[in-house]
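Notes for the structure review
Below, each chain spelled out in residue letters.
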Amino acid sequence: MARTLAYLFFAGAVLVFLSIAIPRAVDLPEVGIGAPIASVAATLAAFAVALRLRGRLLLRRWQFQLALAVGTALVTAAVWHQGAASRYAVLYVLIVLYAAYFFSRVQTAVQVVFASTAYASAVLSHHPDDSDLSRWLVTVGVMGVATVLVFALKERLEGVIGRLEAAARTDVLTGLLNRRGFEETFERELERAKRSGRELSLIVGDLDHFKQLNDLYGHGAGDAALETVAAAMNAAKRRIDSAGRVGGEEFALVVPETDERDAYMLAERLRRAVRDAASAGGPALTISFGLAVYPRHGRTPETLFLAADQALYAAKELGRDRTVIHNPEMADAMGLAGGARGEGNPDDYLATVLALAEALEARADGTVSSSRVVSRYAELIGREMWLADEVIERVRIGGLLHDVGKIGVPETVLTKPEPLDEGDWQEIRRHPLVAARILDSNAVADIRNWILSHHERPDGRGYPHGLAGDAIPLEARILAVADAYEAMTSERIYRTALSPAEARAELQLGIGSQFDERVVQAFTRVLDRLGVPR
């Protein structure tokens, strides 16, 4: 604004100087006011340039309005000295053009009214005739038309710039934010979360086997898959949420004022929506998600993105088509396990999921090793029931992995200090299904089936499938008794532990309804040999 104002004064000074220096054949007598006006205008132009270079004085809009009013006064002085028909009246238009471009409508109207009034006072001081009044009217009309024209052009320009800015932040194919736009939005939402002290969740997703999809079906199918994910995100997110495509097949969602439980449920809805949309027609399509929450998993955009990416990596390594919530122990475990998948190397895959189960111990309740206790009980029961050695070993591993599905359960549920409500129990009852997806490998197919069924009951009132009696694998019934006894004799945040005698009594009461009689009797003999009180 200062630079343009300087140019405006300089241009006025040059025009006035030329009008004096170049003789013209006019009917009006020359008056010696031109040179002083040109000198003053040039001085003001130099002054404005100096202020611009210093960058310290003309920083407020009212100061620019005052400078423009001074310009109006200079033009009015020239008109007054030269007469009603002064050639300098056209300089009012320059002032109005500047005001219309830089000022608001009200501020511009003030400048137009001031210029029109000043011009009228100069004309009236010379006892004008009809031609003088007509000249004033035409000049004021030109100022009004110029103002309207500049405002119209400015609005169009601002609209074009706005669309260009939006295009620079938008992914052309999906209509979501691109990486630049998403990062800007994420940083803004994170700052808002810091000020308000509320949680903020970051969900990062990546389409599974996207390269194979492109290779088999062509890039058109790949584009359609990306559009499917974008449509699912737009349908599932709230108005305050922001979704973006941050890579080739990578998406992200920032969810303000949302804890990890609600964010996990949102990610799962998105995952199912993508899978269901693909099953309606076209090639199979799944997506994996990683989830991180401010401030638990990080306090900066970089650390939160890293945490979400680590959780996404875990989701990929554990079989894809799942949502994983970040926790540091899990990330370390996945790194140590080498990231092997089960089909190529069963031992490496088993090492991966065992490391994950070990990491989950720290996340779940901070106990030393509840899964190891369950594993030991299951092994002893198997030996008491004279199972084959290879089956006993697999049951022992099943005990280590029986709760691995809880990685998909929000930490707020696992560490809730009061008794769980129905919504919490719905999350808990999903963990066998989550475990089954994690253990989706031929290397652990038998263990997968046992863990999926270890919360079923002989009376058919268990979950997730309501199996009953002999439909429940014997190994699953062994895990159920070992898990129940360990849970009853361990401290929980919301209750104290039962004594061994009380726990044994509960097992006996549950025979036929919750527990298998043969398994309970075998475990009772094991406890007797271990010297556990009745």
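Given the structure is predicted, the values throughout are model-derived calculations rather than measurements. (Residues numbered from 1 in each chain as written. Predicted model: local features only at pLDDT ≥ 70, side-chain atom pairs only at ≥ 80, totals over all residues. Heavy atoms only, no water.)

A few points about the packing of helix H15 (residues 389-401) against helix H19 (residues 445-453)
- The geometry of H15 relative to H19 is characterised by a closest axis approach of 10 Å and an angle of 55° between their N-to-C directions. When the axes of H15 and H19 are compared, the pair comes out oblique. Read as a crossing pair, H15 and H19 show a hand that is right-handed. Residues Arg 394, Val 395, Ile 397, Gly 398 and Leu 401 of H15 pack against Asp 446, Ile 447, Trp 450 and Ile 451 of H19. (Axes fitted to C-alpha atoms, helices over the stretch in contact; angles between N-to-C directions. Helix = DSSP H or I, 4+ residues; strand = E, 2+ residues; numbered from the N terminus. Parallel < 35°, antiparallel > 145°, perpendicular 65-115°, else oblique. Left-handed = near helix turned anticlockwise from the far one by under 90°. Contact = heavy atoms within 4.5 Å.)

Examining empty space enclosed by the protein
- For the structure shown, the criterion picks out two cavities of 30 Å³ or more.
- Approximately 50 Å³ is the volume attributed to the second largest cavity.
- If you trace the second largest cavity, you find it lined by Ser 453, His 454, Glu 456, Pro 458, Ile 472, Ala 476, Arg 477, Ala 480, Gln 514, Phe 515 and Asp 516.
- By residue number, the principal contributor to the lining of the second largest cavity is helix H20 (residues 474-488), which donates three residues.
- Class assignment of the residues belonging to the lining of the second largest cavity gives a composition of five nonpolar, three polar and three charged. (1 Å grid on protein atoms, 1.4 Å probe; cavity = no way out; pocket = protein on both sides within 12 Å on 5 of 7 lines; lining within 4 Å. Points joined across faces, edges and corners; volume = space filled by probe spheres on them. Nonpolar A, V, L, I, M, F, W, Y, C, P; charged D, E, K, R; others polar.)

Re the nonpolar core
- One finds Ile 203, Leu 207, Ile 381, Ile 478 and Phe 523 to be the most contacted residues of the largest nonpolar core, which totals 73 residues.
- When residues in this core are grouped by element, the largest group, nine residues, is from H20.
- Among all residues touching Ile 203, those that are not within four sequence positions of it are Phe 251, Ala 252, Leu 253, Val 255, Ala 263, Leu 266, Ala 267, Phe 289, Gly 290 and Leu 291.
- Membership of the second largest hydrophobic core comes to 31 residues, among which are Ala 67, Leu 74, Ile 95 and Val 140. (Core = buried A, V, L, I, M, F, W, Y, C linked by side-chain atoms within 4.5 Å. Buried < 20%, exposed > 50% of the residue type's maximum accessible area, 1.4 Å probe, protein only.)

A closer look at helix H21 (residues 500-509)
- Among all positions of H21, only Ala 503, Arg 504 and Leu 507 are buried. Buried positions in H21, seen along its axis, are confined to an arc of 100° and lie on one side of it.
- At its buried positions, H21 is contacted by H20 and helix H22 (517-529). (Arc of directions from axis to C-beta.)

Notes on the sheet that holds strand S2 (residues 242-245)
- With respect to topology, five strands assemble into an open sheet ordered S2-S3-S1-S4-S5, the strand pairing being mixed. Both outer strands of the open sheet, S2 and strand S5 (323-325), are each paired with one neighbouring strand and no more. On average, adjacent strands in this sheet sit at an angle of 20° to one another, irrespective of strand direction.
- Against the sheet, helix H9 (residues 219-236) contacts strand S1 (200-207), S2, strand S3 (250-256) and strand S4 (287-294), and its axis sits at roughly 5° relative to S3. (Pairing = 2+ DSSP bridges.)

Describing a nonpolar patch on the surface
- A contiguous nonpolar surface patch, about 370 Å² in accessible area, is contributed by Phe 10, Val 14, Phe 17 and Leu 18.
- Within the secondary structure, Phe 17 sits in helix H1 (residues 2-21). (Patch = residues over 30% accessible without salt bridge, like charges linked within 9 Å, V, L, I, M, F, W, Y side chains within 5 Å. Areas by Shrake-Rupley, 256 points an atom, 1.4 Å probe, with all protein chains shown as cover. Salt bridge = Lys/Arg side-chain N within 4 Å of Asp/Glu carboxyl O.)

As for the environment of Ser 441
- Tracing the chain through its elements places Ser 441 in the loop between helix H18 (431-438) and H19.
- By relative accessible area, which is 4% here, Ser 441 ends up buried.
- The spacing of Ser 441 and Leu 318 is 123 residues in sequence and 9.2 Å in space, taken between C-alpha atoms.

A short note on the confidence of the model for the protein chain
- The pLDDT averaged across the protein chain works out to 83; a share of 83% of its residues lies at or above 70.
- Confidence over residues 363-368 falls short of pLDDT 50; this stretch has 15 contacts with residues more than four positions distant or in other chains. (pLDDT = per-residue confidence, 0-100.)

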